[in-house]
Amino acid sequence: MMSVNFLAAVAHVAVPDAVTFAVAAVVVVLGAIGVVATKSPIHGALCLVGTLIGVAVLFLEEQADFLAAVQVIVYAGAIVVLFLFVMMLMGVDREESFKDDPMKVQRVVGIIVGACVLAGVLILANVQWVTGAHSANAPLTGRVSNVNDLANSVFTVYLLPFEATAALLITAVVGAVLLARRRSVVPLVGMTESPEVPPGSPEVSPTELPGDDGGSVAEVAPGGEDKDQNEVVSQ
Amino acid sequence: MNLGVVPTLALVVPKINYWAILPDLILIGGALAVLALSSLTGRRFPAIWYSVSTAFLALATLGSALYLWFDITGKHHHAFVAIDAGIAVDGFSQLITMLVAATLFLVALSAPGYLRREGAGGPEFYVLSMLSASGAVLMGSANDLIVMFLGLEVLSIALYVMAGSNLKAIASGEAALKYFILGAFSSAIFLYGIALTYGSTGSTNLASIANYLAKNLLEHNGVLLAGAALMLLGFGFKVALVPFHAWSPDVYQGSPTPSVAFMSSVAKAAGFAGLIRVFYSALPTLRLDWQPVLWVLSVATLLVGSVLAVVQTDVKRMLAYSSISHAGFILIGLVAANPSGIAGSLYYLFTYSFLAVGSFTVVALVAGKGDSNHSLASYRGLSKRHPYLAAAMALMLIAQAGIPFTTGFLGKFYVLAAATDAHSYALALIAILSSVIAAFFYLRLGVLMYAPDGGELAVAPAVASGSASGSAQAGSASSAAATALAGTELLDAEDELLPVTRKGSWFAVPDDRGGDPILDDPAMAGSGVALVVSGDEAISGEVVNGPGAVGELRAPEIIDVPSSEKAGRDIGAAISIAICCTVTVFFGVFPSMLIDFAKQAKLLF
Amino acid sequence: MTVHASWYLILGAVLFSIGAVGILVRRNVLVMFMCVELMLNAANLTFVTFSRELNDVAGQASVFFVLVVAAAEVVVGMGIIVSIFRNMRSSIADDIHVLKG
């Protein structure tokens, strides 16, 4: 099994690195368990930050400076904040009860599947993980930092995927705009074209609505008169 | 770390062959142009122009793919890789591009009618479908796992939004959520598979992987196997192979029907394109490992897809399961893993996409306003109400069932021939069994549409799926509302309430021919049935002054379908269906052209 | 030099499995999505480790793209979740069952 090789490898390890790795690994695993096991999504998000920063430390350990920085900025700085923002905005920090769970079977199955995946990967990889060709694309020079290498690679070998990310980001922006737009106008009977009313339009003022909580219903007269139907998004 | 002078690195930017990425450039550039145009004109642009320009751009994509096709299949030319081996320009990628472009064209034609009915103007649907198509094209031509992953993400992210684009329907949002969570899950699995493959082969480039594996025999190939398995899992989710198919019926049922038409063909085509590229051209050395797995997946997909389709009462769910079983057929070509199998799979994919788009376009028309009449009962007697629509649907079903002289038959024939070539007789037998089962539910729907007693039963237009509270109620607009409520016949086993009211006895509104608002004469237009569809999930129907109604009657959660739209309004959808039917019959009778096309669509590696 | 690469890779596998289990076990869509992020991080850690071991920049470049994908995914995911919450006001996946399954 792997242990012999590992012990041999571990014996040569310089202490600080091993300590850094150990601490970061513990933080990563505990954070991940926290995400899965805590009831409140807010606590989960905070645990996720721990994991992400732990991974960033591991990136630093592996001389991936740029990625470590980006990991903290993008993941911990933007993605988790977005999570927290949505939770706070929508007020969805409701706790999930683990006791009266209708999906108990799925839970057990999930844990078994996860254990099997882990065991499968570990057994398959029992001795040697890294079997690939070395420096197939471009070696890491480690001259100043890996930013140079990375930039070189991104703008040459990976130029096409780099450009494809532009399409990805456009898609995400268009999608987010479409999804997050307030449903301001509802189709009117007999109307062939329904011009969209921009969100800032006076017609969308919530004060016009019948005081309904959330799911408001407006009515259209039988003749199909143009009366806008609005939708409140209550906080 | 020394902080010396940073050496000036000569950045050798690869030569960019713009012709090679022309289809993608047209799609992405077109999407941006449409978006910019709509913002600059302040949305005063007539909505139909979005559809027209999308259709035009789809044709331009098709044209550019054809140009590349003739370029690489010409005498002095051959397939090549472009942009530092990022993409492969070969017959295979151009066939996938043409498939995607054709689907985009058909969906762009049929979408405006739907969007008008749902009151969703604006360019977003078209922009997203173009971006999604660009992702599919990228995936079909990817020669690098990272390019493939990005293509997959562009495709999927746009599809998640398209699934949820009907903001008024709760089911649409739920479909988007389900699709999104499972899609993101499968993407993460796929990515981990890429990482393991990278570690075990040292490259993400498909050609380099194949090259490395051909030259080196890995003593420990466990990581590579795990990577391949995880990538297969990721693709399996995307194309809805059986253990990973659970999302597909729900997403198909809840999503807006044009989005379903698009995703059912484009996502499947792109997913299978990626699957074929990764397994057939990058990992051929592992064939003995992946072939049995694909065999099992194929058998499970074939059987589960057709068996579960039989018990469905919602047409969209039925078509979802039928598309699962089609995925099983497409997989047979891969299990055979010979050139004729790949050609058969491509032929199947190509013809299936027309069948899927055609069927879902008919479904969208039958569903009518609110996109909710999807029960089998809505199709009862369709031939009387809309003979052409029923004929088109019947043709689509016949073709999907694999009756001769349609493309569906030939698709099944070619993959089965490939399977017998590869001596997988058991698989071929199971496939035939599955198609017999499948024929049952296709023909059942066909018989339902042409049932002689179709006129007797008038299907109430009110088919409302359950709300968040899950308490779907249905009422009928008659003077005896209580009777109607009590007597509503529950046909549906799936918590979906389906009031079937017998004409004349329970249903007091004379000449009720509801359920067909699009092409029908506005028989009920004068009856004063007002439509009230709220923005929320609680759909309230209020019948004002109906001929048989006593005063005002509030029936919760009814969609009363207004029949004010004139017959034949939806020209785009009609053209789209006509094209699908023509392709299905024409290439069913004269198959040689298309099968040659599929046979020439070879992989570069 | 440093800790043997296998430890990093095993850590990645553990992180991936925890994320996968989380998606199967939890019902809160936000938590499920966080578990997807865990899985993406596991893949990233694996990529960087292989990159170091193979002395090859491709793995790090891949992580760069994965970060973009994660950002795009989270934007759209949050959009979907927000648009659903406007209707449903619940983040528990079990509460959302208009569709069967």
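Residues numbered from 1 in each chain as written. Chains lettered and ligands numbered in written order. Predicted model: local features only at pLDDT ≥ 70, side-chain atom pairs only at ≥ 80, totals over all residues. Heavy atoms only, no water.

Caption draft 1: How the structure looks around the packing of aromatic side chains. As enumerated under the stated definition, the model contains 31 aromatic pairs over all chains in all. Seen in terms of ring centroids, F155(A) and F162(A) are 4.9 Å apart; in terms of plane orientation they differ by 65 degrees. Their pairing is edge-to-face. F162(A) gets classed as partly exposed once you look at its relative accessible area, which sits at 25%. Clustering of aromatic rings is evident, with ring pairs tying together F66(A), F155(A), Y158(A), F162(A), F64(C) and F65(C). Cation over ring: K412(B) sits above F329(B), and NZ or CZ is 4.6 Å from the ring centre. (Phe/Tyr/Trp six-rings, centres within 6.5 Å; stacked < 30°, edge-to-face > 60°. Buried < 20%, exposed > 50% of the residue type's maximum accessible area, 1.4 Å probe, protein only. Lys NZ or Arg CZ within 6 Å of the ring centre and 35° of its normal.)

Caption draft 2: Summary view of the pattern of salt bridges. By the definition in use, this model includes six salt bridges over all chains. One salt bridge connects D90(B) with R277(B), and the closest N-O pair in it is separated by 2.8 Å. Of this pair, D90(B) sits in the loop between strand 2 (87–89) and helix 3 (91–118) while R277(B) is found in helix 10 (residues 257–282), placing the two residues 187 residues apart along the sequence. In this structure, the salt-bridge partner of K178(B) is D250(B), at a minimum N-O distance of 2.8 Å. In this pair, K178(B) is assigned in helix 6 (residues 170–201) and D250(B) in helix 9 (residues 247–254), connecting sequence segments 72 residues apart. D250(B) matches K178(B) in its accessibility class, with the two residues each being buried. Through salt bridges with shared partners, a single network forms among E62(A), R52(C) and E53(C). (Salt bridge = Lys/Arg side-chain N within 4 Å of Asp/Glu carboxyl O. Helix = DSSP H or I, 4+ residues; strand = E, 2+ residues; numbered from the N terminus.)

Caption draft 3: Here's a closer look at the confidence of the model for chain B. All names here are of chain B. In this model, chain B carries a mean pLDDT of 78, and residues with pLDDT of at least 70 account for 79%. Of all secondary-structure elements in chain B, the lowest mean pLDDT belongs to helix 18 (residues 481–487), at 32, while helix 5 (residues 145–163) reaches the highest, 95. Note on residues 454–568: pLDDT under 50 across the span, and 234 contacts to partners over four residues away in sequence or across chains. (pLDDT = per-residue confidence, 0-100. Contact = heavy atoms within 4.5 Å.)

Caption draft 4: Structural view of unusual backbone geometry. Residue and element names in this part refer to chain B. Despite not being glycine, I83 shows a phi value in the positive range, around 55 degrees. Tracing the backbone shows I83 in the loop between strand 1 (80–82) and strand 2. The class for I83 is buried, based on a relative accessible area of 4%. Phi at A85 takes a positive value of approximately 60 degrees, unusual for a residue other than glycine. Secondary-structure assignment places A85 in the loop between strand 1 and strand 2.

Caption draft 5: View of the environment of T38(A). Residue and element names in this part refer to chain A. With respect to the helices, strands and loops of the structure, T38 is situated in the loop between helix 2 (15–37) and helix 3 (41–61). Within polar-contact distance, the side chain of T38 engages the backbone oxygen of G34 at 2.7 Å. A polar contact of 3.4 Å, which involves the side chain of T38, links it to the backbone nitrogen of G44. (Polar contact = N/O pair within 3.5 Å; in protein donor to acceptor, adjacent residues only side chain to side chain.)

Caption draft 6: Spotlight on the packing of helix 6 of chain B against helix 7 (residues 206–215) of chain B. Residues and elements named next belong to chain B. Where helix 6 contacts helix 7, the two axes come as close as 10 Å, and the packing angle between them is 45 degrees. The angle between helix 6 and helix 7 falls in the class oblique. Two packed elements cross with a definite hand, and for helix 6 against helix 7 that hand is left-handed. Together, T197, S200 and T201 of helix 6 and I209, Y212 and L213 of helix 7 make up the contact between the two elements. For the contact of helix 6 with helix 7, the per-class residue count stands at three nonpolar, three polar and no charged. (Axes fitted to C-alpha atoms, helices over the stretch in contact; angles between N-to-C directions. Parallel < 35°, antiparallel > 145°, perpendicular 65-115°, else oblique. Left-handed = near helix turned anticlockwise from the far one by under 90°. Nonpolar A, V, L, I, M, F, W, Y, C, P; charged D, E, K, R; others polar.)

Caption draft 7: A nonpolar patch on the surface, seen in detail. Residue and element names in this part refer to chain B. Taken together, the side chains of F405, V585, F586, V589, F590 and M593 make up a nonpolar region of the molecular surface, amounting to roughly 610 Å² of accessible area. Sorting elements by how many residues they give to the nonpolar patch places helix 19 (residues 571–589) first, with three residues. Its location among the elements puts F405 in the loop between helix 15 (387–401) and helix 16 (407–421). (Patch = residues over 30% accessible without salt bridge, like charges linked within 9 Å, V, L, I, M, F, W, Y side chains within 5 Å. Areas by Shrake-Rupley, 256 points an atom, 1.4 Å probe, with all protein chains shown as cover.)

Caption draft 8: Quick peek at the nonpolar core. If you look at the biggest cluster of nonpolar residues, it comprises 283 residues, and the most contacted ones within it are F272(B) and L283(B). Top element by residues in this core is helix 3 (residues 58–88) of chain C. It accounts for 19 residues. Look past the residues within four positions of L283(B) in its chain and what remains in contact with it is I209(B), L213(B), L224(B), A228(B), M231(B), V278(B) and W290(B). (Core = buried A, V, L, I, M, F, W, Y, C linked by side-chain atoms within 4.5 Å.)

Caption draft 9: Local environment of the state of the cysteines. Residues and elements named next belong to chain B. This model, assessed by the stated rule, comprises zero disulfides over all chains. In this model C580 remains outside any disulfide bridge; the closest cysteine sulfur is found in C581, 6.8 Å from its own. For C580, a relative accessible area of 0% corresponds to the buried category. (Disulfide = S-S within 2.5 Å.)

Caption draft 10: Geometry of the side chain of T204(B). Residue position: T204(B) is located in the loop between helix 6 and helix 7. Residue T204(B) is classed as buried on the basis of its relative accessible area, which comes to 1%. Of note is the side chain of T204(B), whose polar atom sits 2.8 Å from the side chain of Y158(A). A distance of 3.1 Å separates the side chain of T204(B) from the side chain of D144(B), its partner in a polar contact. When sequence neighbours within four positions are dropped, the list of residues in contact with T204(B) reads Y158(A), D144(B), L145(B), I146(B), I194(B), Y198(B), I209(B) and S62(C).

Caption draft 11: Expanded view of the side chain of S62(C). Mapped onto the elements, S62(C) comes out in helix 3. Setting aside residues up to four positions removed in sequence, S62(C) forms contacts with I146(B), T204(B) and F47(C).

Caption draft 12: Representation of the environment of Y75(A) in the model. Checked against the element boundaries, Y75(A) lands in helix 4 (residues 65–90). On a C-alpha basis, the gap between Y75(A) and V49(A) in space is 8.1 Å, while along the polypeptide they are 26 residues apart. The contact partners of Y75(A), leaving out residues within four places of it in the chain, are L52(A), V70(A), V80(A), E37(C), L40(C), N41(C), N44(C), L67(C) and A70(C).

Caption draft 13: Layout of helix 20 (residues 592–600) of chain B. All names here are of chain B. Residues of helix 20 that are buried: L594, I595, F597 and A598. All buried residues of helix 20 lie within an arc of 155 degrees about the axis, which places them on one face of the element. Of the surrounding secondary structure, the elements contacted by the buried residues of helix 20 are helix 2 (47–73), helix 3, helix 13 (339–367), helix 16 and helix 19. (Arc of directions from axis to C-beta.)

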